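Now for the letters of each chain:
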Amino acid sequence: MRAAQPDQTDRSARLRAVRPVLWAAFAALAVGAVLCVVGWYGTSGERFAERQLPYLASCTVPGAALIVAGAVLFAHGRSTLATARVEELYELLVTAGSPAATTQRPAPVASSGDLLMIPGGTLWHRADCPLVAGKPEAVPADAHILATGGLSPCPICEPQQTPITPSPER
């Protein structure tokens, strides 16, 4: 097992610090909702405004403040959690791609020297290209069309970039 790097330690400490913030947010939201309900219930039972004010001052206003504080804590905790996850994914992406693997170009899928095309298509292919292999509509590539640049080489099988020019007819 390898030792954690300093940035991974910071990230895991930050993730551990997010959990209490989220719990505090949920607690503040719940207590605020309960206080608002108690304030509403007390206010609704009183007919005169001077008897309703104590319920508003002691329950409803602090309950609303706790709801706002809980929402702010919840938003902060979620953004911190999202940031830590993005940093972790970025670290995985950076370490997954080694410089040797990214500089080498993969070998072409097909290696046949015969060239095929699909009538009405825009690409020419090697005969064993998976895009034309086994298709009855594939015909041998017309050398004149290849010479004039009417077709582009297939990016999958990568046929030779400079097709053989047709010999002049006699």
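Here's what I pulled together on the structure shown here.

What counts as what
- Residues numbered from 1 in each chain as written.
- Predicted model: local features only at pLDDT ≥ 70, side-chain atom pairs only at ≥ 80, totals over all residues.
- Heavy atoms only, no water.
- Helix = DSSP H or I, 4+ residues; strand = E, 2+ residues; numbered from the N terminus.
- Pairing = 2+ DSSP bridges.
- Core = buried A, V, L, I, M, F, W, Y, C linked by side-chain atoms within 4.5 Å.
- Buried < 20%, exposed > 50% of the residue type's maximum accessible area, 1.4 Å probe, protein only.

1. Comments concerning the environment of Glu 88
For Glu 88, the location among the structural elements is in helix 2 (residues 49-96). When the C-alpha positions of Glu 88 and Ser 12 are compared, they lie 9.8 Å apart, and in sequence the two are 76 residues distant.

2. A word on the sheet that holds strand 3 (residues 139-140)
Pairing between the strands of a sheet is mediated by backbone hydrogen bonds and can be parallel or antiparallel. Strand order in this open sheet of 4 strands is 3-1-2-4, and the pairing throughout is mixed. Whereas interior strands pair on both sides, the edge strands pair on one side only; in this sheet they are strand 3 and strand 4 (152-153). Bridge analysis of strand 1 (residues 115-117) against strand 3 gives 2 bridges, and the strand direction is antiparallel. Looking across to strand 3, one finds that Met 117 is bridged to Val 139.

3. Remarks on the nonpolar core
The biggest cluster of nonpolar side chains holds 6 residues, and these are Leu 116, Cys 129, Val 132, Ala 138, Cys 154 and Cys 157. Listed in part, the 5 residues of the second largest apolar core include Met 117, Ala 141, Leu 146 and Leu 151.

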